[in-house]
Amino acid sequence: MKAKNYFTTKNIAFTAMFTALVTVATCVIQIPSPAGQGYINLGDTMIFVCAALFNPVAALIAGGIGSALADVFVGYAFYAPYTLVVKGIEGLVAGLLIAGLKKIKMPFIVNCIISTVIAALWMSVGYFLSESLLGLYNEGFSFGLAVANMPFNLLQGAINVVLGVVLATILSNVKALTSFIDFKPQAKSDGSDKTKQQ
């Protein structure tokens, strides 16, 4: 997709819609981290669906802004700048990997699993780095807390990978939706792989 096509009226509308969905999914279900600070949520599910069905730029914007807004709304505003970066990159990584793997004709569900697992791992590492940095100037955080929170971030990632892949796969088979958004699970072949008859 050319850069200018990321900002068509349709793409802007869907990006805004998914930004709102990420915010709502993050706010509606919250399980406080047993290690203290932060919470387990389902916002990543919507980030992964956006990455799978639309494009990396939409997933970057929806993931970063949608998740950061949720932090502000639920009282974790001090997390918001870190979340903006971590979740934005998560969406971008998932979107870029999905777009790249389409070109090698990988089955859509396998593509989604590989891409979202890598993106979720980044999310866990990103929050580990963020919480370690917060520990340098915020008494409520420390390197030890960042280590203790990491298993719960990995758990959140795993849950959201499963839900995101399932939902994206279901939606990818809804013809009314895929035709409207011009979604294709694999890149078109340019015919270059065809061998000429001797």
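Residues numbered from 1 in each chain as written. Predicted model: local features only at pLDDT ≥ 70, side-chain atom pairs only at ≥ 80, totals over all residues. Heavy atoms only, no water.

Caption draft 1: Region of the structure containing the overall build of the protein. Scanning the protein from terminus to terminus reveals seven helices and two strands. Helices and strands in the protein line up, N terminus first, as α-β-β-α-α-α-α-α-α. Its C-alpha atoms put the protein at 70 × 35 × 30 Å along the principal axes. When each of the 198 residues of the protein is scored for burial, the buried share is 44%. Long-range pairs, those at least 24 residues apart, make up 73% of the contacts in the protein with a sequence separation of at least 6. (Helix = DSSP H or I, 4+ residues; strand = E, 2+ residues; numbered from the N terminus. Buried < 20%, exposed > 50% of the residue type's maximum accessible area, 1.4 Å probe, protein only. Contact = heavy atoms within 4.5 Å.)

Caption draft 2: Fine view of the packing of helix 3 (residues 56–73) against helix 4 (residues 80–102). Two elements in contact, helix 3 and helix 4, have axes whose closest approach is 7 Å; the angle formed by their N-to-C orientations is 155 degrees. As summarised for this structure, helix 3 and helix 4 are arranged roughly antiparallel, according to the angle between their axes. As helix 3 runs across helix 4, the sense of the crossing is right-handed. Each of P56, A59, L60, G63, G64, I65, S67, A68, D71 and V72 in helix 3 lies in contact with helix 4, whose residues at this interface are A80, T83, L84, K87, G88, I89, G91, L92, G95 and L96. Of the residues in the contact of helix 3 with helix 4, the class split is eleven nonpolar, seven polar and two charged. (Axes fitted to C-alpha atoms, helices over the stretch in contact; angles between N-to-C directions. Parallel < 35°, antiparallel > 145°, perpendicular 65-115°, else oblique. Left-handed = near helix turned anticlockwise from the far one by under 90°. Nonpolar A, V, L, I, M, F, W, Y, C, P; charged D, E, K, R; others polar.)

Caption draft 3: Here's a closer look at the pattern of salt bridges. Summed over the entire model, instances satisfying the criterion amount to two salt bridges. When the shortest N-O distance is used, the salt bridge between D44 and K87 registers 3.5 Å. In this pair, D44 is assigned in helix 2 (residues 43–53) and K87 in helix 4, connecting sequence segments 43 residues apart. The same class applies to D44 and to K87, which are both buried. Residue K184 is joined to D182 by a salt bridge in which the shortest nitrogen-to-oxygen separation is 2.7 Å. (Salt bridge = Lys/Arg side-chain N within 4 Å of Asp/Glu carboxyl O.)

Caption draft 4: Quick look at empty space enclosed by the protein. This structure, assessed with the given rule, holds one cavity of 30 Å³ or more. Volume-wise, the largest cavity comes out at about 190 Å³. Those elements that place two or more of their residues in the lining of the largest cavity are strand 2 (39–41), helix 3, helix 4, helix 5 (108–134) and helix 6 (143–171). Looking at the lining of the largest cavity, the element that brings in the most residues is helix 6, giving four residues. Broken down by class, the residue content of the lining of the largest cavity amounts to five nonpolar, ten polar and three charged. (1 Å grid on protein atoms, 1.4 Å probe; cavity = no way out; pocket = protein on both sides within 12 Å on 5 of 7 lines; lining within 4 Å. Points joined across faces, edges and corners; volume = space filled by probe spheres on them.)

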